[in-house]
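# Coordinate analysis (summary)
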Amino acid sequence: MRFRPRPRDRAGYTLIDALVAIAVVAVVGLFSIMALTRGRESARSVTCQRNLAQIGLALAFYDQTQGALPMIGEPSPIDPPPASGSTSPGPLKTLLETLGVSSLLGMEPEGRNLDRLKGPVLQGIAVPGFFCASDPRATGRVFPSPVSYRATTGDDAEGRTGGFAIGKRTTLAEIEAADGLSYTAAFSERLVGDGRPRQASENYALVDGPLSEQGCSPDASGSLQADWRGDAGASWNEAGWPSTLYNHAMPPGSKISCLTRDGRSARIGASSGHVAGVGLLMFDGSVKRIVWSVNPSVWREFATVSSPHAPVGPPAPAAADRPKPP
């Protein structure tokens, strides 16, 4: 009697087998994509922390040669806008011009290679090291000279309590004696605006002052009836709340930031494109990753320097009268 194979033995793979195989391939592909995405974000996070660390080095060199940190002048009114050239330079622009370099990247400790990095400061361009790769608006060329890193003015809406308190000349020695360089924030990340006048966490609202204790005073729906601006972080050139300053008046990642029309007070919060949290540069040059769930009290303590209302000191000596970094 001849052997006849059973029908199921001749059929090969069944529909169920094919579906299982497709599911396995899909799962493997999904995990591969997730691993690739995590790898890219990890690299971006490292690069962003490096950018902040380079700013920290530049601050140390500046303080060494000038005897103080860059001073932030009184902000100009936002509405109507100030005349061209009437605003004070932003802290990052001051660092570039004083150190005589076109970028802060590549600086070595103790400033050993500063002479090799000398170059003109080119305004109106995107400077390497001033924007974060995880910030889609900064890398998307929405603005010609975006900036993802801002100087800390303190924890109050007027910007008078931090290391870059408006109108106050501060030194690293004063910060170290008061609160410790490793416990005081210098710069933080802040997402660049989307270029459109609409309510969004990366944009800010222009409101009539003064600001209340409740902050930007949204209504019960969570919206804010105000003029929205999408030019946050548009330029590293000028000192001011729209692009180069922020405060710790509210936790990082807050959905609404606002600025008064006269430019005197603001609640411009820190934010980031990183999933893990926001990068925070301390005055000792270290970089912390602050989680979004940070205690508000802890967040505010990072920003303040003791005796914030001390009188403004005399102008720092000219660069020619101070020794240059070795």
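Below, the structure is looked at part by part. (Residues numbered from 1 in each chain as written. Predicted model: local features only at pLDDT ≥ 70, side-chain atom pairs only at ≥ 80, totals over all residues. Heavy atoms only, no water.)

The strand order across the open sheet built from five strands is S5-S1-S2-S8-S9, with neighbouring strands paired in mixed fashion. Both edges of this open sheet fall to strand S5 (245-246) and strand S9 (287-290), since each of them pairs with a single strand only. Judged from the three bridges that link them, strand S1 (residues 149-152) and strand S2 (residues 185-189) form a sheet pairing that is antiparallel. The residue of S2 that forms the bridge with Arg150 is Ser188. Here helix H6 (residues 296-303) sits on the sheet in contact with S1, S2, S5, strand S8 (278-282) and S9, set at roughly 35° to S8. (Pairing = 2+ DSSP bridges. Helix = DSSP H or I, 4+ residues; strand = E, 2+ residues; numbered from the N terminus. Contact = heavy atoms within 4.5 Å. Axes fitted to C-alpha atoms, helices over the stretch in contact; angles between N-to-C directions.)

What follows concerns the state of the cysteines. Applying the stated criterion to the full structure yields one disulfide. The disulfide that involves Cys216 links it to Cys258, with 2.1 Å between the sulfurs. Here Cys216 and Cys258 share a disulfide; its torsion about the S-S bond, -90°, makes the bridge left-handed. Remark: Cys258 occurs in strand S6 (residues 258-260) and Cys216 occurs in the loop between strand S3 (204-207) and strand S4 (227-229); sequence separation between them is 42 residues. The exposure class assigned to Cys216 is buried, which follows from its relative accessible area of 10%. (Disulfide = S-S within 2.5 Å. Buried < 20%, exposed > 50% of the residue type's maximum accessible area, 1.4 Å probe, protein only.)

As a further point, take unusual backbone geometry. Its identity is not glycine, yet Arg141 carries a phi of approximately 60°, on the positive side. Among the structural elements, Arg141 can be located in the loop between helix H4 (136-139) and S1.

In this section: the environment of Pro91. Mapped onto the elements of the fold, Pro91 is located in helix H3 (residues 91-99). The residues contacting Pro91, other than those within four sequence positions of it, are Pro70, Ile72, Ala151, Phe187 and Thr244.

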